[in-house]
Structure formats: structure tokens, C-alpha cells
Amino acid sequence: MSDIAECIITKTKKVRYNRLKMNIHCIGIGGIGLSGLAQVLGAQGHRVQGSDRESGKVFPLLRKRGIKVYAKHDSKLVARGDIDLVIYSLAIPGDHREVKEARKRKIRILSYPQALGELTSLYKTIAVAGTHGKTTTTAMLAKILIDAGVDPTVIVGSTVPELGNSNCRVGKSDMLVVEACEYQKGFLNLHPFGVILTTTDYDHFDTYPTRASYVAVFKKFIKKITRGGFLIKGSSVDGKIKLGIPGIHNRKNATLALRAAVKLGVPQKKALKSLLEYRGSGRRFEYKYSKSGVRFYDDYAHHPTEIRATLEAAREIFPKKKICVIYQPHQYSRTRKILKELGSAFDKADMVIVPNIYEARDSAADKKAVSAQDVVAEINKHRKHSALFGAGLDNTRKGIGKYYKLYDVIITMGAGDVWKVL
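Residues numbered from 1 in each chain as written. Predicted model: local features only at pLDDT ≥ 70, side-chain atom pairs only at ≥ 80, totals over all residues. Heavy atoms only, no water.

(A) Examining the overall build of the chain more closely. On a plain count of helices and strands, the chain comes out with 15 helices and 17 strands. Relative to the globule expectation of 22 Å for 422 residues, the C-alpha radius of gyration of the chain, 22 Å, shows essentially globular dimensions. Judged by the C-alpha coordinates and their principal axes, the chain covers about 65 × 55 × 45 Å. For the chain, buried positions account for 55% of its 422 residues. Expressed as a percentage of contacts within the chain between residues at least 6 apart in sequence, the contacts between residues at least 24 apart total 69%. Counting only carbon and sulfur atoms, one obtains 50% of the accessible surface of the chain, whose full area is about 18,600 Å². Computing the positive centroid from 72 side-chain charges and the negative centroid from 39, the chain places the two 4 Å apart. (Helix = DSSP H or I, 4+ residues; strand = E, 2+ residues; numbered from the N terminus. Rg over C-alpha atoms; globule rule 2.2 N^0.38 Å. Buried < 20%, exposed > 50% of the residue type's maximum accessible area, 1.4 Å probe, protein only. Contact = heavy atoms within 4.5 Å. Areas by Shrake-Rupley, 256 points an atom, 1.4 Å probe, with all protein chains shown as cover. Lys, Arg positive; Asp, Glu negative; His and termini not counted. Charge placed at Lys NZ, Arg CZ, Asp CG, Glu CD.)

(B) Summary view of the nonpolar core. With 42 residues, the main nonpolar core has Leu37, Ile87, Phe187 and Phe221 as its most contacted residues. With five residues, the top contributor of residues to this core is helix H2 (residues 32–43). Counting residues in hydrophobic clusters, the runner-up holds 33 residues, among them Ala139, Ala142, Ile196 and Phe230. (Core = buried A, V, L, I, M, F, W, Y, C linked by side-chain atoms within 4.5 Å.)

(C) Region of interest: the sheet that holds strand E5 (residues 108–111). Across the sheet, which stays open at both edges, the five strands sit in the order E3-E2-E1-E4-E5 with parallel pairing between neighbours. Edge strands, defined here as strands with exactly one partner in the open sheet, are strand E3 (68–70) and E5. For this sheet, the mean inter-axis angle between neighbouring strands, taken without regard to orientation, is 20°. Where strand E1 (residues 23–27) and strand E2 (residues 47–51) come together, five bridges link them in parallel fashion. Paired with Asn23 across the two strands is Arg47, which belongs to E2. (Pairing = 2+ DSSP bridges. Axes fitted to C-alpha atoms, helices over the stretch in contact; angles between N-to-C directions.)

(D) Structural detail: the environment of Gly229. For Gly229, the location among the structural elements is in the loop between helix H8 (211–222) and strand E11 (230–233). Taking C-alpha positions, Gly229 is 9.3 Å from Lys124, a pair spaced 105 residues apart along the chain.

(E) Spotlight on the side chain of Thr135. With respect to the element layout, Thr135 can be found in helix H7 (residues 134–147). Since its relative accessible area comes to 3%, Thr135 is described here as buried. Among the polar contacts listed, one links the side chain of Thr135 to the side chain of Glu179, at a separation of 2.8 Å. With near-sequence residues (within four places) excluded, Thr135 lies in contact with Val156, Gly157, Ser158, Glu179, Ser281 and Arg284. (Polar contact = N/O pair within 3.5 Å; in protein donor to acceptor, adjacent residues only side chain to side chain.)

(F) How the structure looks around the packing of H2 against helix H6 (residues 112–120). Between H2 and H6, the shortest axis-to-axis distance is 10 Å and the interhelical angle comes to 40°. Relative to H6, the element H2 lies oblique. Here H2 runs over H6; the crossing is left-handed. Contacts between H2 and H6 pair Gly33, Leu34, Leu37 and Val40 from the former with Tyr112, Ala115, Leu116 and Leu119 from the latter. Of the residues in the contact of H2 with H6, the class split is seven nonpolar, one polar and no charged. (Parallel < 35°, antiparallel > 145°, perpendicular 65-115°, else oblique. Left-handed = near helix turned anticlockwise from the far one by under 90°. Nonpolar A, V, L, I, M, F, W, Y, C, P; charged D, E, K, R; others polar.)

(G) Structural view of H8. Relative to the 16 Å expected for 12 residues at 1.5 Å per residue, H8 spans 17 Å between its end C-alpha atoms, a close match to the ideal helical length. Every buried residue belonging to H8 is among Tyr214, Val217, Phe218 and Phe221, and all of these are buried. On an axial view of H8, the arc spanned by its buried residues comes to 100°, and they lie on one face. The exposed residues of H8 that point more than 90 degrees off its buried face are Ala212, Lys219 and Lys220. Lining the buried residues of H8 we find strand E6 (124–129) and strand E10 (194–197). (Expected span 1.5 Å × (residues − 1). Arc of directions from axis to C-beta.)

(H) Structural context of the environment of Val375. Relative to the assigned elements, Val375 resides in helix H14 (residues 372–383). A relative accessible area of 0% means that Val375 is categorised as buried. The contact partners of Val375, leaving out residues within four places of it in the chain, are Pro329, Thr335, Leu339, Leu342 and Val354.

(I) Up close: the sheet that holds strand E12 (residues 286–291). Read from one edge of the open sheet, six strands run E12-E13-E17-E14-E15-E16, paired in mixed fashion. In this open sheet, the two strands that pair with only one neighbour each are E12 and strand E16 (387–389). In this sheet, adjacent strand axes meet at a mean angle of 20° when their direction is disregarded. The pairing of E12 with strand E13 (residues 294–299) spans five bridges and is antiparallel. Within E13, the residue paired with Lys291 across the bridge is Val294. Taken strand by strand, helix H11 (residues 304–317) contacts E13, strand E14 (323–327) and strand E17 (409–413), and its axis lies near 160° from that of E17. Running at roughly 165° to E16, H14 makes contact with strand E15 (351–354) and E16 of the sheet.

Okay, here's the thing in C-alpha cells:
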């Protein structure tokens, strides 16, 4: 048994804690996945600390759990001499100063997917995978299981009201529900008993050179389902599904969560009642505030399929209102690949403002190949000059005021930091 596994739990129905506790340092602890794992490890008695380049939204959650966080990166955080394990986010490069210090001191190092994988091997793990809908489906299933008294441990890619506005939960049963990301094939480290597969729209072009390679990794992941486990997939909607949030995509996610819950022994009637009470999660068409009669929402959508789904949901609520989208494409490399698809993704919006492109793991060549202005031009091919370049987040924020009288709903949209304009 590995160090982290031995120190976390034993293979029994109820979680038990080994007397041996570790000092764990997490690099990139502001990431939504690693921050969730850090909180679980901290709740299980390990002494956890972490670093990130700036104070993020999850820092208050971490501090509330007794985890010490540093809004900086410094090799001294690893060099202090009592660190037993270092876990790093996949956003952290291999030559990072804290990683190098850990290697120098021969401290055990795990990536976030590797550490999560060790945790999943000791639970009855339900992993939610797919291009879109992972967070919502994970949150929905978690709520159903909690309401049914299953008491699961949960790690999800957003803050969820049903989890106390956190992105994790520590339960006492042997059930673990996790969001399983395919980036850099990370989810192949997991050991799932059950897999929920939402969609397989081609994405993460920096990891998968072809659509065939992208689909192939999901097939490989499905093969990791343990004996006696199950796979839930499909895109149909159960006629009995009723939700308190809009969107056909959410009803599809709910159907997947319902089918998995029933598979796990939850009565369908009880699961349906739980879903009816589900109120969404952070950055998933999340209502923020109203000002001068304008309603402001924030959404994580950055892929064309997700953009269309969010706008269809918005139109369910506001069929005749004027909607302005402030859209920030995520990654130059991804934007170049999906540029033509983006052009027709905003058909249900009245106006689109593109402030910039969020840089993440992009090369100099990537940044030269496409621009925010290119995205505007592509949208205008379909929208008859209803897209504008916002010239950065600051200028976009300053310009929002002029749209109060022109639009009824403003939605910030993207996987980066576009929410800052609110």
C-alpha cells in the first residue's frame, strides 16, 4: 500500500484514520481540484499547507478547514525539513522551484491525478467523466446520495450549495464521488467502481492530436472499471425529470445522475425529489446580482457546445429579453482550433463582447496564430456585426455601464478570469 493510501484509510466500509499523519505541501493549491483534495486530506488529520501565485476564491475555504495557504511560490516552503509529501497541480511546470526543491530533498512527489488515484483505490469510487457536464452531474449525484443518507465523500470542480458552498465533502461511508478530468490523461490514474460518461466532444488539443486519440482515452478509462462496477452513458432525458434550473443540458446531466443513483440503490422517487431541489453550482449560469434593472450571471462555458447550451438555458428563462455575453476564449491553442465553431455558437445572444483570450499553457506561436479580434470577426460573420472587441478586462469592465439601458441580461462566460469584470 502506498504512503498516502496507508495514511488515509483502511479498506473497510467505514473510513478509519491511521495514527501516522503526514505533512503535505500542495503546489497550485488554488486549483479547484487540488484544493478539494487538500481539504479532504486535512479533514482526515493530515497537516496540509499549500502555495499558489495569487489568493484565489478557494483560499477562504482552505483556511476555514485549517489549511495554511501562501499566495506565493517559494522553495523555502518545501525546504523547511518536515514535509513528507508534495502534491502538485497539472498547471505546475516540471521545473517549478518548489518541485525542484522537493526532488533535491528526495521528498515523495505526486501529481494531483496520481494522489487522487491513490485515494480512489480505497473507496467505492464513482467517477464522472466527459467533455461537458462533469461538475453539474457530480454535484447532482452527490446531492442525491447525501439526501438518501449514503454519506459520501465528494470532490467536485466548483463550489456547490449542497456541500456548504464548498468544492468537497468528507463523509463516513466507503463511497467517493469525484470529477474525473481527461486533461493529460489524468483520469487514467483513478480506480472507478462506476463511471458516468457525459459527452466526448473533441477537446484538449494540446494533449490529444486527433479526435480518435481523444475518444480512445475515454475507452481506456472505461476499461478501468472494477469488477462488479457499472458504466452510465447516453444523452436522452427521462420524462420524469423536473429541475429548478433551466436547460436541456442540465436535464441530460440529471438523467445520468438519476440512473447512477438508482444503480447504487437509491429509490427513484427519492432521487427525483432530490434533483427537483438542486439549485446549481458556482459558475454554472450562476446569478450574481442586479443593477439598474440588468441581471448579471456568470458561466464557465468556453467550448462552443457549452456556449450554445448555456444560451439555450438563458432563453428558457428570458425568451424575449436582450442578452449580452462577455465571452473570454480559453487558451490561444484551443481558440485557433475551434474558431469557426465559435462563430455560430452565439446565435441566441443579442451582443457579444470579447475582452481578450485567457492564456494557459500557450506557446509564442499559439499567441501569434489567433487573437480576440479574430474571434470577433468570426462571430460577426454570423451575427451581422453584433460582436465587439473589449480591449482587455479593465476596459470591458469600464464599458459595461453603457450597456445597462441596452440589455436586460449580461452573462460573463469563459473558463478563465472573465468573472473579474463583474
